[in-house]
Structure formats: C-alpha cells, structure tokens
Amino acid sequence: MRYISTRGEAPALGFEDVLLTGLATDGGLYVPESLPHFSLEEIRSWRGLPYAELAYKVMYPFVEDAIPADDFRKMLDETYSVFSHQAVAPLVQLDTNEWVMELFRGPTLAFKDFALQLLGRLLDYVLEKRNQHVVIMGATSGDTGSAAIEGCRRCEHVDIFILHPHQRVSEVQRRQMTTVQGDNIHNIAVKGNFDDCQRMVKESFGNQSFLGGKTQLAAVNSINWARIMAQIVYYFQASLALGGPDRSMAFSVPTGNFGDIFAGYLAKKMGLPISQLVIATNRNDILHRFMSGNKYEQHQLEHTLSPSMDIMVSSNFERLLFDLHGRDGAAVKTLLENAAKGPVSIEDYRWKHARKLFDSDAVDDKTTCDTIRDVYEQNEYLLDPHTAIGVRAARNCRRDSAVPMITLGTAHPAKFPDAIAETGLSVKPQLPAHMADLFEREERYTVLDNDVSEVQGFIAKHWKNA
Ligand SMILES: *Cc1c(COP(=O)(O)O)cnc(C)c1O
C-alpha cells in the first residue's frame, strides 16, 4: 500500500515512512492511495471475532508491506489486552435502538488509547528494525498527551516530550501525564497557553537542527495516518455486534479534529453498511457551519465544557476535502491556502455531496449539561460532556428509528468532574479501580518559560543518547 499527500506534491511513501513522518513535505496529510474493500460475505464471516482479531482483518491491508502477519497479530493482542473490558469497546443501550459505544476502557480513559497504544508499539517495532530513534514532541490540552505517554512508556527507541500549558489543564489530566514513570518520558509545563505550546511544536518540526542531526521528530497527533487507521476497526465491531453487515448503522461522533469521524467515513468506503454519520461539535462549530452553509471560516476559539473538542480548524478535514475534490491535490492546496486567509466555499455540487455523506449539529454547554442530566435521570448512566454532545446530536439528527444509532463514547466522565458538577447532579464520577490512587502518585514535570529555544535546549539535553 502506498500513501499519497492531499496536496499532491510530496513523494508517495510506504507505511513505515508515513508512520515516522508528520506532515508531508508539501504541507499535506498522507492518505492511502486506494482503500481495501471488503464484501458483505467477508464482513459477515468476522462475526464473533475477538476485538484484536477483527483489528487484524481490518488493518492488515494497510501495513502488509511493512509487517509480517504474525508480528502484527502479536502487536494487536498486546495492544488491546491492556483495556479494562473484555469486549474492549462494549456497547451500552440507552433506548430502543440507541447505543453508546464505550471507547474509554483504555489506560487513560479516552478513545485516543485505541490508536496511541498501537502507535507506540508500531513505532518501536519499525525503529528496532531500522536501528533508528525518534523524539516525539507534542502539545496537549489534555487527552492526547496522556494517551501518547501511556502508549510510548515502554518504547526503547522513543523519547517523548509533551508540552502542556502550565496550570491550565485539569488536575486529572495533568496527573495522568506526570505520574507515569520512565526515563524516556518528559513532561514540560510551559508558562503560556495551549497555542504557545502548539506553536513551539510546529516551529520545531519545521527546523530540527536543535537535535544536531542525531535523531528526528515524530508526530502523535491525528495527522499521523496510523491513528486514523486504528479507529476504523471499532465501527466494524459495533456493526457486527448489532446485526451488521445485514443491516446498516448510524453513528454520531463527537468531533474536534475530524479524525474519529473520518475513520467512520473510511469504514463505509471499505464496505461497511453505514446509512448515517453525524458530525457532533460544541460551540467551536466550524464543521457544522460548513455543512449548513458551505462556508469554511475560522472563528475565535471558545472554551467549553468539552475541551478536547475546542479547536478553530479541523486538521483532518483536509483528508475529506481531498476526496470531495476528486483527489486533486492542487485544488486542495489552493483551497487551504485561501482558507488560511479568510472564509472559503467549495463548488455547490461538491458541497451537496458532502451533505449526503454527513449530517451535523452543534451543541452548547447548557444543552450538554441538560443531556447529561436527562440521560442520568432516564438510565442512571453518566455521560462525559463530549459523549453527551454526541448523544444530543444523534437525537436531533436521526433520520430512521429502525436503524441502530450508535454514539461514540469518547471519554470517561471521571476525566471531567467539573463539567459533571455543572449539571447540578449530585452524583460524583468515580475513577476506575486501576486509577483510584492517581492523587497519591508522585508527579514529575519541568516548568519552562514560554520560549522555544529554552524548550528545544531542554529536549536536546534530555533525550536518551544526548
Ligand atoms: C480527541 C477527542 C475528541 C475529538 O476527536 P477528533 O478525532 O479530534 O475529532 C472528542 N472527545 C474526546 C474525549 C477526545 O479526547
């Protein structure tokens, strides 16, 4: 399988190189040159497979040039055995034909574990083979950092440096990052905001000379193709559990960077019968505004009760735009260069096609709280604020009550106790047993000034073979 850039100019790469690269050299994102397609008969034959085995069936075509089948199977067994539920991605019923898929049974209690637990193992495997080393540098406002650290803690060939804005992430989120022990794990609290952290990461990827040519940077945000790939699997899993592929399914997906829902779109293209995909956003609703009025326009960032969806632009949306433009990289390049300067639209027939593929909704904080309360009062089931947005959007956008509607449960409510408190419910979400002592564990992090050369100096000094 070859991978090509959405902007059409960078060279095509194989899986190993795509794994180790961030953006393509032309500024685009990598996508597979063509997708595997599975017949209904083949999908049907996967009924009853354990999650790791299903993951193998769905993902192997993407990696087969780089990894022998047995090695990949072993990696997947290890990856999904760290989840705290035997079904890995269990379904919980909310109402007649309405479900939540719990994607928060991994070590850091958010769906990002599905991809980042695998990514850590993939990186180490490929780097071992190549006798290479990488430094992961990433900025986080919360969930990505902890999932990446957990995913890479045992990697021999990876040092990981995660920047978070000092005193601006929740205590649970900070502790999930800073209490993981390991010589290759480095938490940096930057005296600035999330945008400052992100800017430093971007600048460092652009000029890596501070590493002295002895190692290179690798990306763990969802521009990395391997993350999207791992997220395709659970769409198949949910469908097979509820009578697919002989009936179609609807999914509602709490969306920030458009990574998780893009994986659903790919599952559909790979042959899984999906009749509806709902883009669920908070008040940072650039995608909902585009879907409603064909105008792609950046607004000011709003801080909401669902911080993991607080974004101004959705980086993975570029991957969809590439398909909407008949995979014309030059057209995507022009469009996104213009989008950086002001509002843009696409040709009406392309936009109408997008509206056939996706429905959308935007949910504000008050409605998020109302939804958490409603579902708790109906079922004694506590949603986290991100999942609540998905459930609300599912209920607002649903087209056919005979089709199972599955909302992706993206995080455990115990990650967001302050949002739960805002609902006025007296119930307090409990951390699962494996994390019950989080507040007693020892923390380790370094506070640095909001200064890129200071941060780069710290990395240059502290990676393993520095
Ligand atoms: C990252 C995240 C999202 C958004 O996912 P995207 O792939 O960026 O759309 C939603 N909910 C939670 C809890 C997250 O951590």
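Note that the structure is a prediction, hence the values are computed from the model and not measured.

Regarding the overall build of the protein chain
At step 1: If you tally the helices and strands in the protein chain, you get 18 helices and 13 strands.
At step 2: The globule rule puts the C-alpha radius of gyration for 466 residues at 23 Å, and the 21 Å found for the protein chain is close to it.
At step 3: Taking the principal axes of its C-alpha atoms as reference, the protein chain extends roughly 60 × 50 × 50 Å.
At step 4: Considering the protein chain as a whole, with its 466 residues, one finds that 60% of them fall into the buried category.
At step 5: Relative to all contacts within the protein chain whose residues are 6 or more apart in sequence, the contacts with residues 24 or more apart total 75%.
At step 6: Once the 48 positive and 60 negative side-chain charges of the protein chain are each reduced to a mean point, those two points are 2 Å apart.

So, the sheet that holds strand β13 (residues 446-448)
At step 1: Ordered in space as β8-β5-β6-β7-β13, the 5 strands form an open sheet in which the pairing is parallel. Every other strand in the sheet has two partners, leaving β8 (216-218) and β13 as the edge strands with one partner each. Along the sheet, successive strands turn relative to each other by an average axial angle of 30°, direction set aside.
At step 2: As paired strands, strand β5 (residues 134-139) and β8 are joined by 3 bridges and run parallel to one another. When the sheet's bridge partners are listed, V135 is paired in β8 with L217.
At step 3: Strands in contact with helix α6 (residues 143-152) are β5, β6 (158-165) and β7 (185-190); relative to β6, the strand with the most contacts, it is inclined by about 165°.

A few points about the pairing of strand β12 (residues 405-409)
At step 1: Extensive coverage of β12 is indicated by the burial of 5 of its 5 residues.
At step 2: Neither face of β12 is left uncovered, since the one carrying M405, T407 and G409 and the one carrying I406 and L408 both have all their residues buried.
At step 3: Of the strand pairs in this sheet, strand β4 (residues 98-102) and β12 are connected by 5 bridges, and their pairing is parallel. When the bridges of β12 are listed, V100 appears paired with T407.

Quick look at the side chain of S239
At step 1: Note on placement: S239 falls in helix α9 (residues 225-241).
At step 2: For S239, a relative accessible area of 0% gives the class buried.
At step 3: Setting aside chain neighbours within four positions, we find S239 in contact with G244, P245, M249 and L272.

Description of the site of the ligand
At step 1: Neighbouring the ligand are 15 residues, the closest being K112, D143, G256, N257 and D260.
At step 2: Side-chain polar atom of K112 to an oxygen atom of the ligand: 2.4 Å apart, as the coordinates give it.
At step 3: At a separation of 3.0 Å, an oxygen atom of the ligand approaches a polar backbone atom of D260.
At step 4: For the shell around the ligand, the per-class residue count stands at 5 nonpolar, 7 polar and 3 charged.

Comments concerning helix α12 (residues 317-324)
Working note: α-helix, 3.6 residues per turn, so residues spaced by three or four point in the same direction.
At step 1: Burial runs high along α12: 8 of the 8 residues are buried.
At step 2: Regarding α12, the residues found buried are F317, E318, R319, L320, L321, F322, D323 and L324.
At step 3: Looking at the residues trailing α12, positive phi occurs at G326, about 60°.

Describing the pattern of salt bridges
At step 1: Under the definition given, this model contains 33 salt bridges.
At step 2: Across the pair R174 and E443 runs a salt bridge whose closest N-O atoms are separated by 2.8 Å. Linking R174 in helix α7 (residues 171-178) with E443 in the loop between α17 (417-422) and β13, this pair joins segments that are 269 residues apart in sequence.
At step 3: The class of E443 is partly exposed, set by a relative accessible area of 23%.
At step 4: When the shortest N-O distance is used, the salt bridge between R392 and D374 registers 3.7 Å. Taken together, the positions of R392 in helix α16 (residues 385-397) and D374 in helix α15 (residues 365-379) put the pair 18 residues apart, joining distant regions of the chain.
At step 5: Its relative accessible area of 17% is what places R392 among the buried residues.

A word on the packing of aromatic side chains
At step 1: On inspection of all chains with the given rule, the structure shows 26 aromatic pairs.
At step 2: A centroid spacing of 4.8 Å and a plane angle of 65° characterise the contact between Y235 and F251, whose relative ring orientation is edge-to-face. Pair noted here: Y235 is in helix α9 and F251 is in strand β9 (residues 249-254), with a separation of 16 residues, a long-range link.
At step 3: Given a relative accessible area of 0%, Y235 falls into the buried group.
At step 4: What makes F251 buried here is its relative accessible area of 0%.
At step 5: Arranged with centres 6.1 Å apart and planes meeting at 90°, the rings of F290 and Y296 form a pair that is edge-to-face.
At step 6: An aromatic cluster of at least three residues, connected via ring pairs, comprises Y51, Y80, F83, F114, Y234, Y235 and F251.
At step 7: It is R73 that lies over the ring of Y56; its NZ or CZ is 4.0 Å from the centre.

Structural notes on the packing of helix α3 (residues 51-63) against helix α4 (residues 69-81)
At step 1: Running from amino to carboxyl end, α3 crosses α4 at an angle of 135°, the nearest separation of the two axes being 9 Å. Our classification of the angle between α3 and α4 gives oblique. Considering how the two elements wind past one another, α3 and α4 form a crossing that is right-handed. Between α3 and α4, the contacting residues are Y51, A52, E53, A55, Y56, M59, Y60 and V63 on the first element and A69, F72, R73, L76, D77 and Y80 on the second.
At step 2: Here the residues of the contact of α3 with α4 sort into 11 nonpolar, no polar and 3 charged.

Scoring rules and cut-offs
- Counting restarts for each chain: residues are numbered from 1 in the order of the written sequence.
- Where local features are concerned, this predicted model is filtered to residues with pLDDT of at least 70; where side-chain atom pairs are given and counted, the filter is 80 or more; whole-chain, interface and lining totals use all residues.
- Computation of side-chain values: all heavy atoms of the structure, hydrogens and water removed.
- Going along the chain from the N terminus, every DSSP run of H or I of four or more residues is numbered as a helix, and every run of E of two or more is numbered as a strand.
- All radius of gyration figures rest on C-alpha atoms, and the globule criterion is 2.2 Å times the number of residues raised to 0.38.
- Residue burial is assigned from relative accessible area. The probe radius is 1.4 Å, only protein chains are included, and a residue is buried under 20% of its type maximum, exposed over 50%, and partly exposed in between.
- Whether two residues touch is decided by their heavy atoms; if any such pair falls within 4.5 Å, the residues are in contact.
- Here the positive residues are Lys and Arg and the negative ones are Asp and Glu; neither His nor the chain ends is included.
- Every charge is mapped onto a representative atom, which is NZ of Lys, CZ of Arg, CG of Asp or CD of Glu.
- Pairing between two strands requires that DSSP report at least two bridges joining them.
- Note on method: axes are straight lines fitted to C-alpha atoms, helices fitted across the in-contact stretch only, with angles between N-to-C directions ranging 0 to 180 degrees.
- Throughout, the term near means that a residue has one or more heavy atoms lying within 4 Å of the molecule or strand in question.
- Two N or O atoms count as a polar contact when they lie within 3.5 Å, although within protein this holds only if one can serve as hydrogen donor and the other as acceptor, and sequence-adjacent residues are included solely when both atoms are side-chain atoms.
- Nonpolar residues are Ala, Val, Leu, Ile, Met, Phe, Trp, Tyr, Cys and Pro. Charged residues are Asp, Glu, Lys and Arg, and all others, Gly as well, are polar.
- Here, a salt bridge means any Lys or Arg side-chain nitrogen found within 4 Å of an Asp or Glu carboxyl oxygen.
- Any two of the Phe, Tyr and Trp rings considered here, Trp counted by its six-membered ring, make a pair once their centres fall within 6.5 Å; the pair's planes then place it as stacked at under 30 degrees, edge-to-face at over 60, or tilted in between.
- Sitting over a ring, as applied to charges here, requires NZ of Lys or CZ of Arg to be within 6 Å of the ring centre and within 35 degrees of the ring normal.
- The cut-offs work like this: below 35 degrees is roughly parallel, past 145 is roughly antiparallel, 65 to 115 is roughly perpendicular, and the gaps in between are oblique.
- Each helix crossing is assigned a hand: it is left-handed if the near helix lies turned anticlockwise from the far helix by less than a right angle, otherwise right-handed if that turn is clockwise.

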